[in-house]
Amino acid sequence: MNSQKLIDTAKAIFAEDKGILAMDESNPTCNKRFAALGIPQTEASRRAYRELIITSPGLRESISGAILYDESIRQKTSNGTSFVDVLVEAGIIPGIKVDTGAKALPGFPGEKVTEGLDGLAARVQEYARMGARFAKWRAVIAIGAAIPSEACVDANAHALARYAAICQDAGLVPIVEPEVVMDGLHDLEQCLEVTGRVLHAVFNQLHVQRIFLEGMILKPNMVLPGKDSPATPDPGQVADATVHCLLRSVPAAVAGIAFLSGGQTGELACARLNAMNVRFAGKMPWPLTFSFARAIQHPALDIWSGHDATVKAAQTALVHRAECSRAARLGQYTAKMERA
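Residues numbered from 1 in each chain as written. Predicted model: local features only at pLDDT ≥ 70, side-chain atom pairs only at ≥ 80, totals over all residues. Heavy atoms only, no water.

Novice: Explain the pairing of strand β3 (residues 93–97) to me, and be specific about the residues and the numbers.
Specialist: Across the 5 residues that make up β3, a large majority, 5, are buried. Taking every second residue as pointing to the same face, both faces of β3 are buried, with Ile93, Gly95 and Lys97 on one and Pro94 and Ile96 on the other. Where strand β2 (residues 63–68) lies against β3, 4 bridges are found, and the strand directions are parallel. Bridge pairing in β3 links Leu68 to Ile96. In terms of handedness, the path from β2 via helix α4 (residues 83–89) over to β3 forms a crossover that is right-handed. (Buried < 20%, exposed > 50% of the residue type's maximum accessible area, 1.4 Å probe, protein only. Helix = DSSP H or I, 4+ residues; strand = E, 2+ residues; numbered from the N terminus. Pairing = 2+ DSSP bridges. Right-handed = clockwise from strand over helix to strand, strands pointing away.)

Have a look at this one:
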């Protein structure tokens, strides 16, 4: 393991107060979103949409890294330039999603464990040769009646740690993503308890697997009530719960934290991240940034809807959401930005 290489990549991702664009939707997920808008569910449509994203003028001002999928890391623009080369030319670091999805956990109804460790070492080495410098693995933890179970938490924590070890051995910075999902009726306090329990289990396994903390990135959920809960905490309450949870659970040596949006609107995700960076400025051992997917892409996808004539308008919307996200990283986001 080249520890200095890992440190350099992690520092570059968090440099200049930028964040990460998660454009790593699997083909089935991307097709589902296309179907809802009447866009053909084809490789050509997916390639065109991804080209729209990575060629957006000004994206580099807010985005330091982009997470690709197995299909997209192999794709090229309409003029024959590889997506990886387009990103590198723009000063955006290419990354890659390497898990193969969350599957039902046998014996534990309603719970899942993420798969993809088989053959991962060879796949990661191939991605590194293709230009990827970091990777991502997502675990999915649900809150419900008697869940998450200890078995589910431990299985996912172990898989995350094994993945991280394989990535670091190949020179890729691992993004460790233990997502406590928003589905359900749970309140803020339940999410706080479960998120803390999950993070403790994950970092215990990372320690057991000898993960180099300075060369990894944590991608957690914000501490939020379930989307079916009647509770509506303000951004300050979310910020307090989330950062206090992180301070109790995440070692100071970790290179940085990049939040997932987890189904939040772009506006809410930005307001909550902004509150964290305002209320806890100078009080955290790691930088807090974003690794949003839909919270940045959703308006652009709606505008584009598969039409060449709307590409520029879609790119403008995408860059605007990226700019709002960077403002939240800086603690400078305001609602007025949404009316600009």
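Moving on from the model shown.
Novice: Quick rundown of empty space enclosed by the protein? Include the residues and the values.
Specialist: The final tally for this structure, using the stated rule, is 1 cavity of 30 Å³ or more. Within this model, the largest cavity holds a volume of roughly 50 Å³. What lines the largest cavity is Glu179, Val180, Val181, Met182, Asn221, Met222, Leu224, Leu260, Ser261, Gly262 and Gln264. Class assignment for the residues of the lining of the largest cavity results in 6 nonpolar, 4 polar and 1 charged. (1 Å grid on protein atoms, 1.4 Å probe; cavity = no way out; pocket = protein on both sides within 12 Å on 5 of 7 lines; lining within 4 Å. Points joined across faces, edges and corners; volume = space filled by probe spheres on them. Nonpolar A, V, L, I, M, F, W, Y, C, P; charged D, E, K, R; others polar.)

Novice: Give a description of the packing of helix α3 (residues 43–54) against helix α10 (residues 294–304) that names residues and reports values.
Specialist: Between α3 and α10, the least distance of the axes is 11 Å, while the angle of their chain directions is 125°. The pairing of α3 with α10 is recorded here as oblique in orientation. The interaxial crossing formed by α3 with α10 has right-handed handedness. Together, Ser45, Ala48, Tyr49, Leu52 and Ile53 of α3 and Gln297, Leu301 and Trp304 of α10 make up the contact between the two elements. By residue class, the composition of the contact of α3 with α10 is 6 nonpolar, 2 polar and no charged. (Axes fitted to C-alpha atoms, helices over the stretch in contact; angles between N-to-C directions. Parallel < 35°, antiparallel > 145°, perpendicular 65-115°, else oblique. Left-handed = near helix turned anticlockwise from the far one by under 90°. Contact = heavy atoms within 4.5 Å.)

Novice: For the side chain of Asp24, give the residues involved together with the corresponding values.
Specialist: In this fold, Asp24 is placed in the loop between β1 (19–22) and α2 (27–37). Under the relative-accessibility criterion, Asp24 is labelled buried at 6%. Reaching out from Asp24, the side chain makes a polar contact with the side chain of Lys136 at a distance of 2.7 Å. (Polar contact = N/O pair within 3.5 Å; in protein donor to acceptor, adjacent residues only side chain to side chain.)

Novice: Pulling in residues and values, what's your account of the nonpolar core?
Specialist: One finds Tyr163 and Leu288 to be the most contacted residues of the largest nonpolar core, which totals 111 residues. Here the element with the most residues in this core is helix α6 (residues 150–169); it accounts for 11 residues. Other than its neighbours up to four places away in sequence, Tyr163 contacts Val98, Leu117, Leu120, Ala135, Lys136, Trp137, Pro174, Ile175 and Val176. (Core = buried A, V, L, I, M, F, W, Y, C linked by side-chain atoms within 4.5 Å.)

Novice: Which residues make up the packing of aromatic side chains, and what values do they have?
Specialist: Under the criterion given, the structure shown has 5 aromatic pairs. Relative to Tyr49, the ring of Phe34 lies with its centre 5.8 Å away and its plane at 80°, an arrangement referred to as edge-to-face. A residue pair is termed long-range when its members are at least 10 positions apart, and Phe34 in helix α2 and Tyr49 in helix α3 qualify at 15 residues. In this structure, Phe34 and Tyr49 share a single accessibility class: buried. Ring geometry for Tyr49 versus Trp304: centroids 5.4 Å apart, planes at 20°, classification stacked. (Phe/Tyr/Trp six-rings, centres within 6.5 Å; stacked < 30°, edge-to-face > 60°.)

Novice: Which residues make up the layout of surface pockets, and what values do they have?
Specialist: Approximately 1300 Å³ is the volume found for the largest pocket. Taken together, 50 residues make up the lining of the largest pocket; nearest its centre are Thr29, Arg33, Arg138, Glu179 and Arg294. For the lining of the largest pocket, the secondary-structure elements that each account for two or more residues are α2, β4 (102–104), β5 (112–114), α5 (120–130), β6 (134–141), β7 (173–180) and α9 (266–279). Tallied by class, the residues present in the lining of the largest pocket amount to 16 nonpolar, 14 polar and 20 charged. Reported here for the second largest pocket is a volume of approximately 260 Å³. Around the second largest pocket, the lining is made up of 13 residues, and of these Thr265, Gly266, Arg294, His298 and Pro299 lie nearest the centre. For the lining of the second largest pocket, the secondary structure elements donating two or more residues are α9, α10 and α11 (311–330). It is α10 that provides the largest number of residues to the lining of the second largest pocket, a total of 4 residues. Considered class by class, the residues forming the lining of the second largest pocket number 3 nonpolar, 6 polar and 4 charged.

Novice: I'd love a proper account of the pattern of salt bridges, names of residues and values included.
Specialist: This structure, assessed with the given rule, holds 19 salt bridges. For Glu25, the salt bridge goes to Arg33, with nearest N and O atoms at 3.3 Å. A salt bridge links Asp99 to Lys97; its shortest N-O distance comes to 2.9 Å. Each member of the pair, Asp99 as well as Lys97, carries the same accessibility label: buried. Within this structure, Asp24, Lys136, Arg138, Glu177, Glu179 and Lys219 form a network of salt bridges that share partners. (Salt bridge = Lys/Arg side-chain N within 4 Å of Asp/Glu carboxyl O.)

Novice: Describe in detail the pairing of strand β9 (residues 256–259), supporting the description with residues and values.
Specialist: Regular strands have side chains that alternate between both faces of the sheet. The alternating pattern of β9 places Gly256 and Ala258 on one face and Ile257 and Phe259 on the opposite face, and all of these are buried. Relative to β9, strand β8 (residues 217–218) is paired through 2 bridges, and the arrangement is parallel. Among the inter-strand pairings, Ile217 is bridged to a residue of β9, identified as Gly256. Taken together, β8, helix α8 (residues 235–249) and β9 constitute a β-α-β crossover, and its handedness is right-handed.

So, to be careful, I would describe these as geometric facts and stop short of saying anything about function.
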